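So you can see what is in the structure, the chains are spelled out below.
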Amino acid sequence: MIRYALACDKGHVFESWFQSSAAYDKQVKRGLVTCPVCDSAKVEKAIMAPQLSGTKKRGEASPPQEVSSSATATPPEAPAPVAMVSPQERELRKKLKELREHLIKNADYVGQKFPEEARKMHYGEIEHRSIYGEASPDQAKELNEEGIEFHPLPALPDERN
Ligand SMILES: [Zn+2]
């Protein structure tokens, strides 16, 4: 079987299978090969078509892949959370920052002693005051279970500490 890319006299390009090139010649001469679009029997081999469709397929499919894979050099990553910030949120963020700065300015930094200090205050061992520091998730859970009220320091989205 031979596959030929054919074109009718109106320019429709289509493909058809033939037993041989001789069979193709015979069928075309007898008007047995017709265009599937317009039914025209005036068909001939589309000289450009086989190469064109071949290069077209290669041209369309692989270069973008090659470009993207070599350009990024990494497999596609999972989408990361992104946000557009509205003016209101920008204002809120500013307030959050102010609150955070106020807390930091007016509270004692106790670092990793936070759970200990918080506990002492809760049980009346030391005077109540504003403190801030670090607590691991486990420590935070324990404090919470003991009924010690504390709040996470407001963190800004783009700050790590
Ligand atoms: Zn046609």
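Cut-off values and rules
- Numbering of residues starts from 1 in each chain and follows the order in which that chain's sequence is written.
- Only residues with pLDDT of at least 70 get local features here, since the model is predicted, and only at 80 or more are side-chain atom pairs given and counted; chain-wide, interface and lining totals rely on the full set of residues.
- To obtain the side-chain values, all non-hydrogen atoms of the structure were used and water was disregarded.
- Strands here are runs of E lasting at least two residues and helices are runs of H or I lasting at least four, both read from the DSSP assignment and numbered beginning at the N terminus.
- To define a nonpolar core, start from buried Ala, Val, Leu, Ile, Met, Phe, Trp, Tyr and Cys residues and group those joined through side-chain atoms within 4.5 Å.
- Each residue is placed in one exposure class: buried if its accessible area under a 1.4 Å probe, protein chains only, is under 20% of its type's maximum, exposed if it is over 50%, and partly exposed if it falls in between.
- Any two residues having at least one pair of non-hydrogen atoms within 4.5 Å are treated as being in contact.
- Within 6.5 Å between ring centres, the rings of Phe, Tyr and Trp (the latter by its six-membered ring) count as paired, and their orientation is classed by plane angle as stacked under 30 degrees, edge-to-face over 60, tilted in between.
- Coordination here is defined by N, O and S atoms within 2.8 Å of the metal (3.2 Å for Na, K and Ca), and since water is not considered, a site can look incomplete.
- Geometry assignment treats four donors as tetrahedral when all angles are between 85 and 135 degrees, treats four as square planar and six as octahedral when opposite donors are over 155 degrees apart and all others between 65 and 115, and treats everything else as irregular.

Caption draft 1: Up close: the environment of G31. When you line up the elements, G31 lands in the loop between α1 (21–29) and β3 (43–45). Between the alpha carbons of G31 and K42 there is a distance of 7.4 Å; along the sequence they are 11 residues apart.

Caption draft 2: The arrangement of the nonpolar core in detail. If you look at the biggest cluster of nonpolar residues, it comprises 10 residues: Y4, L6, C8, F14, F18, Y24, V28, V33, C35 and V43. Breaking this core down by element, the ones donating at least two residues are β1 (2–8), β2 (13–18) and α1. Here the element with the most residues in this core is β1; it accounts for three residues. The residues contacting F18, other than those within four sequence positions of it, are M1, I2, Y4, L6, Y24, Q27 and V33. By size, the runner-up hydrophobic cluster in this structure holds seven residues, among which are V110, M121, I131 and I148.

Caption draft 3: Main features of the packing of aromatic side chains. One pass over the structure, following the stated rule, counts five aromatic pairs. Note on F18 and Y24: the rings are 5.0 Å apart at their centroids and 80° apart in plane angle, and the pair reads as edge-to-face. Here F18 falls in the buried class, since its relative accessible area comes to 2%. Y24 sits in the buried class, given a relative accessible area of 6%. Ring-pair connections join several aromatic residues into one group, and the members of that group are Y4, F18 and Y24.

Caption draft 4: Looking closely at the coordination of the zinc ion. Looking at the zinc ion, one finds its protein donor set to be C8 (SG), H12 (ND1), C35 (SG) and C38 (SG), positioned 2.0 to 2.3 Å from the metal centre. With four donor atoms in place around the zinc ion and angles of 102 to 117° between them, the coordination shape is tetrahedral. We note that the donor set of the zinc ion lies within a single chain, spaced as C-x3-H-x22-C-x2-C. Taken as a pair, H12 in the loop between β1 and β2 and C35 in the loop between α1 and β3 lie far apart in primary sequence, 23 residues in all. With relative accessibility at 24%, the residue H12 sits in the partly exposed group.

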